[in-house]
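Inside the fold
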Amino acid sequence: MEFCDIKLTRDPIQNPESRFSPAQGAIVDFFGVVRALEEEQIIAGIDYEAFEKMAVHQLSLIANQTREQYGLAGVTIWHRIGFVPAGEASLFVRVTAAHRRAAFEGNIQIIEKLKTTVPIWKHPIFENASVPSN
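First, a word on scope: everything that follows refers to the structure included in this document. (Residues numbered from 1 in each chain as written. Predicted model: local features only at pLDDT ≥ 70, side-chain atom pairs only at ≥ 80, totals over all residues. Heavy atoms only, no water.)

What follows deals with the environment of lysine 53. For lysine 53, the location among the structural elements is in helix 1 (residues 52–70). With relative accessibility at 70%, the residue lysine 53 sits in the exposed group. With 45 residues separating them in the primary sequence, lysine 53 and leucine 8 have C-alpha atoms 9.7 Å apart. (Helix = DSSP H or I, 4+ residues; strand = E, 2+ residues; numbered from the N terminus. Buried < 20%, exposed > 50% of the residue type's maximum accessible area, 1.4 Å probe, protein only.)

Here it is as structure tokens:
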């Protein structure tokens, strides 16, 4: 069963339940976690802003193109928007495939394309600045 699960959320990203299948030998998960340092300064977190409708559209295109290119069975892309504190995940990408190489390479390609084409912008909130309210 092939699927793509795309979501923008203001809620913390939790590790979703794995869907194991006898036809799929590889699941690769990636969590992008907000680091405590940005531009060599301590930050409280990052405020993510998005053109939401276009971001979901672009994420769907990336997921489907990558799924077809690598023969992936499933692609999950969840990205947080709003304020994400340091130490919490802002991005989760999971791919499932018959073989590990396709799963790893597909996951990497999704992240690289996401960073260059999806209208999501990050604004670091430095430790001494006020945290935006959601």
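Two elements in contact, helix 1 and helix 2 (residues 100–117), have axes whose closest approach is 10 Å; the angle formed by their N-to-C orientations is 150 degrees. By the angle between their directions, the pair helix 1 and helix 2 is classed as roughly antiparallel. The crossing of helix 1 and helix 2 is right-handed. Between helix 1 and helix 2, the residues in contact are Gln58, Leu59, Ile62, Gln65, Thr66, Gln69 and Tyr70 and Ala102, Glu105, Gly106, Gln109, Ile110, Lys113, Leu114 and Thr117, respectively. A per-class count over the contact of helix 1 with helix 2 returns 6 nonpolar, 7 polar and 2 charged. (Axes fitted to C-alpha atoms, helices over the stretch in contact; angles between N-to-C directions. Parallel < 35°, antiparallel > 145°, perpendicular 65-115°, else oblique. Left-handed = near helix turned anticlockwise from the far one by under 90°. Contact = heavy atoms within 4.5 Å. Nonpolar A, V, L, I, M, F, W, Y, C, P; charged D, E, K, R; others polar.)

Turning our eyes to something else, we now look at the nonpolar core. In this structure, Leu59, Val75, Ile77, Val93, Val95, Ile110 and Val118 are the most contacted members of the largest nonpolar core, which totals 28 residues. Of all the elements in the fold, those that place two or more residues in this core are strand 1 (3–9), strand 2 (26–33), strand 4 (41–50), helix 1, strand 5 (74–80), strand 7 (89–97) and helix 2. It is helix 2 that contributes the most residues to this core, 5 residues altogether. Discounting chain neighbours no more than four positions away, the residues touching isoleucine 110 are Ile62, Thr66, Val75, Ile77, Val93 and Val95. (Core = buried A, V, L, I, M, F, W, Y, C linked by side-chain atoms within 4.5 Å.)

All right, on to the packing of aromatic side chains then. Under the defined criterion, the tally for this structure stands at 2 aromatic pairs. Considering the side-chain rings of phenylalanine 31 and phenylalanine 92, the 4.7 Å spacing of their centres and the 45 degrees angle between planes classify their relative orientation as tilted. Highlighted residues: phenylalanine 31 in strand 2 and phenylalanine 92 in strand 7, separated in sequence by 61 residues. Between tryptophan 78 and phenylalanine 92 the ring centres are 5.5 Å apart and the planes differ by 45 degrees, which places this aromatic pair in the tilted class. Remark: phenylalanine 92 occurs in strand 7 and tryptophan 78 occurs in strand 5; sequence separation between them is 14 residues. Given a relative accessible area of 11%, tryptophan 78 falls into the buried group. Clustering of aromatic rings is evident, with ring pairs tying together Phe31, Trp78 and Phe92. One cation-aromatic arrangement involves lysine 7 over tryptophan 78; the distance from NZ or CZ to the ring centre is 3.9 Å. (Phe/Tyr/Trp six-rings, centres within 6.5 Å; stacked < 30°, edge-to-face > 60°. Lys NZ or Arg CZ within 6 Å of the ring centre and 35° of its normal.)

Where nonpolar side chains cluster on the molecular surface, the patch consists of Phe51, Met54 and Trp121 and spans about 310 Å² of accessible area. Tracing the backbone shows tryptophan 121 in strand 8 (residues 120–126). Judged by its relative accessible area of 42%, tryptophan 121 is partly exposed. (Patch = residues over 30% accessible without salt bridge, like charges linked within 9 Å, V, L, I, M, F, W, Y side chains within 5 Å. Areas by Shrake-Rupley, 256 points an atom, 1.4 Å probe, with all protein chains shown as cover. Salt bridge = Lys/Arg side-chain N within 4 Å of Asp/Glu carboxyl O.)

Turning to the pattern of salt bridges, a few remarks are in order. This model, assessed by the stated rule, comprises 4 salt bridges. Between glutamate 88 and arginine 80 there is a salt bridge, with the nearest N and O atoms lying 2.7 Å from each other. The class of arginine 80 is buried, set by a relative accessible area of 4%. The salt bridge partner of glutamate 105 is arginine 101, with a shortest N-O separation of 3.5 Å. With glutamate 105 and arginine 101 both in helix 2 and 4 residues apart, the pair spans about one turn of that helix. A relative accessible area of 34% means that glutamate 105 is categorised as partly exposed.

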